[in-house]
Amino acid sequence: WYTSVKNTILPLHLAYRTFPGYLSSKADKRWDNMFHMHPDGTIQSDSGIFGSVMQGEEAAVKFYNEWVAEVKRIVPADRLLVFQVSEGWQPLCKFLDLPVPDTPFPNVNDTAAMKKMLAKFRREAWTKVLAVPVVVGAVAYGVWKFLAKK
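Residues numbered from 1 in each chain as written. Predicted model: local features only at pLDDT ≥ 70, side-chain atom pairs only at ≥ 80, totals over all residues. Heavy atoms only, no water.

A. Layout of helix H8 (residues 111-149). With 39 residues, H8 extends 56 Å from end C-alpha to end C-alpha; this agrees with the ideal 57 Å at 1.5 Å per step. Taken together, the buried positions of H8 are occupied by Met114, Leu118, Phe121, Glu124, Ala125 and Val129. (Helix = DSSP H or I, 4+ residues; strand = E, 2+ residues; numbered from the N terminus. Expected span 1.5 Å × (residues − 1). Buried < 20%, exposed > 50% of the residue type's maximum accessible area, 1.4 Å probe, protein only.)

Written out as structure tokens, the structure reads:
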């Protein structure tokens, strides 16, 4: 769990929180909405899951275990499924009282997919921060030159 978070969602989170990701995400709500994980719409790198992962494996595992214990304390046992995606459909479908689908259990957020998403986010962010102002500047210059001839 720790290694997965450290190598996948933490780099995405940090890219979002720094230049040019932060500016880019404000112009593209797909990314902004994906990263707003807290009810108040904020993400704080120095607290919660991300802060604990940045402190190291021991702090992250402690945070995770305390979080799971808190959820188990609050949510009634008959309304809670503690689930590992590696378990596949069976426990989830049993909990929901649904038949197990014939399709394979999806595995869409593996490390390779997350790294691809990070590369796409960075590429889009730099494109917006660099290319858009250059194009706007070139158009403005062209308009200025055109109007100056009149």
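B. Summary view of unusual backbone geometry. Despite not being glycine, Asp97 shows a phi value in the positive range, around 55°. Relative to the helices and strands, Asp97 resides in the loop between helix H7 (89-96) and H8. By relative accessible area, which is 69% here, Asp97 ends up exposed.

C. Layout of the packing of aromatic side chains. Considering all chains together, one arrives at four aromatic pairs under this definition. Residues Phe63 and Trp67 carry aromatic rings whose centres are separated by 6.5 Å and whose planes lie at 15° to one another, so their mutual orientation is stacked. Residue Phe63 and its partner Trp67 are located together in helix H6 (residues 57-74), separated by four residues, close to a single helical turn. Given a relative accessible area of 26%, Phe63 falls into the partly exposed group. Judged by relative accessible area, which is 52%, Trp67 ranks as exposed. When the ring of Phe83 is compared with that of Phe105, the centres are 6.1 Å apart and the planes differ by 65°; the resulting orientation is edge-to-face. A residue pair is termed long-range when its members are at least 10 positions apart, and Phe83 in the loop between H6 and H7 and Phe105 in the loop between H7 and H8 qualify at 22 residues. When its relative accessible area of 23% is taken as the criterion, Phe83 is described as partly exposed. Cluster of aromatic residues (ring-pair linked, three or more members): Phe83, Trp89 and Phe105. (Phe/Tyr/Trp six-rings, centres within 6.5 Å; stacked < 30°, edge-to-face > 60°.)

D. Region of interest: the side chain of Thr8. Looking at the element boundaries, Thr8 is found in the loop between helix H1 (2-7) and helix H2 (9-17). Polar side-chain contacts of Thr8 include one of 2.4 Å to the backbone oxygen of Ser4. If near-sequence neighbours (up to four positions away) are discounted, Thr8 is found in contact with Thr111 and Met114. (Polar contact = N/O pair within 3.5 Å; in protein donor to acceptor, adjacent residues only side chain to side chain. Contact = heavy atoms within 4.5 Å.)

E. Region of interest: the environment of Trp1. Following the sequence through the fold, Trp1 ends up in the segment before H1. Using a relative accessible area of 39% as the deciding quantity, one classes Trp1 as partly exposed. Sequence separation between Trp1 and Ala60 is 59 residues; the distance between their C-alpha atoms is 9.3 Å. If near-sequence neighbours (up to four positions away) are discounted, Trp1 is found in contact with Ile49, Ala60, Val61 and Tyr64.

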